[in-house]
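Report on the structure
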Amino acid sequence: MSALLFLSKSSAIRAALLIQRWYRQYVARLEIRRRCTWNIFQSIEYAGQQDQIKVSSRNYCKSVKTVTLITHRNLISHIFRENEICRDVEWERYFCYKSIDVPDSYTGPHLTFPMTFCGVSKLVEAFKHKQQLHARYVLQILGETWRLLRILPNISHLSSCHTKEITICGDLHGQLEDLLLIFYKNGLPSTEKPYVFNGDFVDRGKNSLEILLILFGFLLVYPNDVHLNRGNHEDHIVNLRYGFTKEVLGKYRVHGKKILKLLQKIFSWLPLATVIDHKVLIAHGGISDTTDLNVIARVDRHKHMNWSVDDELKKRRRLAGFDQSYGERKKPDSDSDPDSLIPSVQMVDLLWSDPMPQNGCIPNEVRGGGCYWGPDVTEEVLGRHNLQLLIRSHECKQDGYEFCHNRRVLTIFSASNYYEVGSNRGAYIRMGADLVPHFVQYQASRTCRDVGWTERSALQALRRQLFVHKSDLISAFREFDPNNTGIISPSHWASATESVLKLGLPWRVLRPQLVSSTKNGMVDYQEWMKELSITEPKLEVTHFLLETMYKNHSNLETIFRIIDTDHSGLISYEEFRQTWKLLSSHLKTEISDDVIANLAQSIDFNKDGSIDINEFMEAFRLVDLSGVTPL
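Under an unreviewed UniProt entry, the protein has the name Serine/threonine-protein phosphatase and belongs to Pundamilia nyererei.

Structure follows, in structure tokens:
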């Protein structure tokens, strides 16, 4: 009997050990999938930012991404005409809201000025219920904000108190539900509840303007207790690519252009950093080995905003000591004027940089701007300024926050579900007089999705990237296929794919989930390329034209509004022709008028002689033939 009891206990222990081992393996595999999914999302995001920065480099002109279309100064001038507004006195007159009437039919909130806590609370409630603020009030809030920001220093200083905590928020990226959740959990800003918002209020999400209006409203009511740092997305060029421009023009068709111009001015006046008790530095991106807060405090942060994109980026690289290959980062010339280094090096580093585990300071080639700095740089810069902690944002973290550099650098990110529902938590910091950060995590969506759902979403995004680089990929594959068999080895497929996309992903691991066309363990790349297709216009046009549009598929509505120079809501054939002629001239690619006319006619489905927004969007819709979900 005792022997049987011993055997049953032994079997139970063995079974428990087997279950435990299986569970640990399951969790490990799940974590590998989660990390791989995360790497896909992050690599695609940073690659897009890299394109944004690199458009001015001659080395990239031959393979320029379609972002050139919307960053070329002649196209930007459709929205931002430099010669329209020259002096601040003229801005006051140009942005005067008094000539804009609020009709009786308007059902949104009515605001009075100066702003009060009651007025901003009404604004929060209105946006919570998806009401839209009238353009008159939008311009009035923006005008008051611009006047206030102009008298604020580059670095805000505030003091902690034993009776109240300071709340610090990271990137919000247009996700109003996250801001509302923070206010619900933590309370609205007030003299008793000061806040620091660390940049990247806009882009990607659909409610960037509402977030700005709420934050500006509280800033006007509590200028000593609400602090807004500038992020790398508070930039009208970046906004053209990542959605904010499209959002504003879509919501305010009549006054949108005027609102965007005033926001361009406001962004250039946002403070660059905040310091708490002379001990905690808060900046959006980070630091570099050249960061000097005393120099940053003296710079005229506004005067460089109106430079052309090309001139600004060239000067950044020249003064930063980058060579033409954008490789090794050299020390700036010691004879350089410190103030001239700020817009070209130090300001860029504050907005764009990321920490790395290794010592040193190197160019941030993943993002294409700023630097990677190591723990030795953190120790040196914080020590030189007698600081104990750097709080930064700029990077999405799965838990909403993350320490590094011996807990002297803290990343805080407040946009939950940033890549996909369930991809990450958001978080904010509460900090008292002891300057110890306390974290509050949350997830705005109640929908729960497993790793598989998020993984599928990441793979969809990756397939889109593969498709829009179709021509380059085929050329790279053919390097390994001299006999033009259409078949290459998996290792050659992985090498060629990485050489084109440069995302740093484990392509051999991902291949089974991306490529179904294999023969005897080899990749049939010709067949694989056919697995993704597009709803193409009926008439044949050059592959260059189509691929150019597909590459900028996420910005089609913005492109439509830029091509629509008279803001009629329709693109005439002549507007279409002029835009493509401008683009082909910039890319040094000959496109005949006949080819452009064919493309315009094929997009004009109802043949009425002009292209509306629905025709334009439908013409360049991507379709995944291998699955069910549209790309």
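The structure having been displayed, the exposition proceeds.
On to the confidence of the model for the protein, then. A low pLDDT score tells you not to read the predicted coordinates there in detail. When pLDDT is averaged across the protein, the result is 78; 71% of the residues are at 70 or more. Taken as a whole, residues 54–86 scores under 50 in pLDDT and shows 73 contacts with residues more than four places along the chain or in a different chain. Every residue in residues 622–631 is under pLDDT 50, and counting partners more than four places away or in other chains gives 25 contacts.

What follows covers the packing of helix α6 (residues 135–149) against helix α11 (residues 256–269). Relative to each other, α6 and α11 sit at 20°, their axes nearing to 9 Å. On the basis of their axis angle, the class for α6 and α11 is roughly parallel. As α6 runs across α11, the sense of the crossing is left-handed. Along its contact with α6, which presents Val 138, Leu 139, Leu 142, Gly 143, Thr 145, Trp 146 and Leu 149, the element α11 presents Lys 258, Ile 259, Leu 262, Leu 263, Lys 265, Ile 266 and Trp 269. For the contact of α6 with α11, the residue count by class is ten nonpolar, two polar and two charged.

Right, let's talk about the UniProt feature "domain: EF-hand" (unreviewed entry) in the protein for a bit. Per the UniProt record, the feature "domain: EF-hand" (unreviewed entry) sits at residues 468–503, 551–586 and 591–626. As annotated, residues 468–503 comprises 64% helix and 6% strand, and the C-alpha atoms at either end are separated by 14 Å.

Moving on, we come to the packing of helix α8 (residues 208–221) against helix α10 (residues 244–251). Direction vectors running N to C along α8 and α10 enclose 85°, while the axes themselves pass 9 Å from each other. If you check the angle between α8 and α10, you find them roughly perpendicular. Of the residues in α10, those touching α8 at Ser 208, Leu 209, Glu 210 and Leu 212 are Phe 244, Glu 247, Val 248 and Lys 251. Of the residues in the contact of α8 with α10, the class split is four nonpolar, one polar and three charged.

This part is about unusual backbone geometry. Phe 113 connects to Pro 114 through a cis peptide bond whose omega is 0°. Among the structural elements, Pro 114 can be located in the loop between α4 (88–94) and α5 (117–128). We note that Asp 200 has phi near 55°; this positive angle belongs to a residue other than glycine. Following the sequence through the fold, Asp 200 ends up in the loop between β3 (195–197) and α8. By relative accessible area, which is 1% here, Asp 200 ends up buried. For His 394, which is not glycine, the phi torsion reads 75° and is therefore positive. Secondary-structure assignment places His 394 in the loop between β10 (389–392) and β11 (401–404).

About the cut-offs
Residues numbered from 1 in each chain as written. Predicted model: local features only at pLDDT ≥ 70, side-chain atom pairs only at ≥ 80, totals over all residues. Heavy atoms only, no water. pLDDT = per-residue confidence, 0-100. Contact = heavy atoms within 4.5 Å. Axes fitted to C-alpha atoms, helices over the stretch in contact; angles between N-to-C directions. Helix = DSSP H or I, 4+ residues; strand = E, 2+ residues; numbered from the N terminus. Parallel < 35°, antiparallel > 145°, perpendicular 65-115°, else oblique. Left-handed = near helix turned anticlockwise from the far one by under 90°. Nonpolar A, V, L, I, M, F, W, Y, C, P; charged D, E, K, R; others polar. UniProt positions renumbered as here; feature names shortened; annotations may be inferred. Buried < 20%, exposed > 50% of the residue type's maximum accessible area, 1.4 Å probe, protein only.

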